[in-house]
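# Tertiary structure, described
Here are the chains, one letter per residue:
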Amino acid sequence: MLREPEARDRAAVIELFTSTEVGTYIGGPRQRDEFERAVPEEPRRRPGLFVVDLDGTMIGIVTLDRRDPKHPVHVCPGTSEAELGYMFLPQAWGHGYAAEACTAALGWCTGALPGEPVVLTTQTANERSMRLAAKLGFTEVQRYEDWGAEQWFGTWSPASLSD
């Protein structure tokens, strides 16, 4: 189930962002003590930020954020496309939860931002994320070097949901 973040998710959010396994392809884990100080007791809520809930427990997050128009890689340069992001706790990996949650978030995006394409970036070394991008219907636009690794940049359009 996708839902808004709640205060009870704080410990799982800290675990997610400080996990060595989760941080492997996103620049490494955050320092736990610094992150604990930075995470508010009451979460910030905004459209496009979803907690993935399994039986009342947070197992991950899915986000749809605006990509910085100054970022060098875009489908339409100078724009701020919607960008899909996701992170799941390691114990949730391999069960299809990411595909299900991202599909639901893309469905929400179709209603909230009709006709707008969505972009996704992942390291090519992240095989699970590459498979998920393909399963969700993202198509490659280009590959580029960033953060010391090859990145894959793809796009998705609402028509992908009906395929």
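Details of the structure are given in the entry above.
All values derive from a computational prediction rather than experimental measurement. (Residues numbered from 1 in each chain as written. Predicted model: local features only at pLDDT ≥ 70, side-chain atom pairs only at ≥ 80, totals over all residues. Heavy atoms only, no water.)

## A word on the pairing of strand β4 (residues 82-88)
In terms of burial, β4 is a largely internal element, five of the seven residues being buried. Relative to β4, strand β3 (residues 57-66) is paired through seven bridges, and the arrangement is antiparallel. Its bridge partner lying in β4, G60 is registered against F88. As defined by bridge partners, β4 adjoins strand β5 (residues 118-123) across two bridges and the pair is classed as parallel. Residue pairing for β5: E83 is matched across the bridge by V119. Handedness of the crossover joining β4 and β5 through helix α4 (residues 97-112): right-handed. (Buried < 20%, exposed > 50% of the residue type's maximum accessible area, 1.4 Å probe, protein only. Helix = DSSP H or I, 4+ residues; strand = E, 2+ residues; numbered from the N terminus. Pairing = 2+ DSSP bridges. Right-handed = clockwise from strand over helix to strand, strands pointing away.)

## Observations regarding the sheet that holds strand β6 (residues 139-146)
The seven strands are arranged β1-β2-β3-β4-β5-β7-β6 in an open sheet whose pairing can be described as mixed. Sheet topology places β1 (2-3) and β6 at the edges, where each strand pairs with a single neighbour. In the packing of α4 onto the sheet, the strands contacted are β1, β2 (49-54), β3, β4, β5 and β7 (149-156), and the crossing angle to β3 comes to about 40°. On top of the sheet, helix α5 (residues 127-136) reaches β4, β5, β6 and β7; it is set at about 160° to β5, its chief contact. (Contact = heavy atoms within 4.5 Å. Axes fitted to C-alpha atoms, helices over the stretch in contact; angles between N-to-C directions.)

## What about the side chain of D53?
By the secondary structure assignment, D53 is in strand β2. One polar contact links D53 to R3, side chain to side chain, over a distance of 2.7 Å. If we skip the residues at most four places from it in the chain, D53 touches M1, R3 and R8. (Polar contact = N/O pair within 3.5 Å; in protein donor to acceptor, adjacent residues only side chain to side chain.)

## As for the packing of aromatic side chains
Under the definition given, this model contains two aromatic pairs. When the ring of F17 is compared with that of F35, the centres are 5.1 Å apart and the planes differ by 25°; the resulting orientation is stacked. Of this pair, F17 sits in helix α1 (residues 10-18) while F35 is found in helix α3 (residues 32-38), placing the two residues 18 residues apart along the sequence. With 5.3 Å between their ring centres and 80° between their planes, F50 and W108 make a pair best called edge-to-face. Of this pair, F50 sits in strand β2 while W108 sits in helix α4, placing them 58 residues apart in sequence. (Phe/Tyr/Trp six-rings, centres within 6.5 Å; stacked < 30°, edge-to-face > 60°.)

## A few points about the side chain of H74
For H74, the position within the fold is in the loop between β3 and β4. For H74, a relative accessible area of 8% translates into the label buried. From its side chain, H74 meets the backbone oxygen of D68 in a polar contact 2.9 Å long. Separated by 3.2 Å, the side chain of H74 and the backbone oxygen of H71 make a polar contact.

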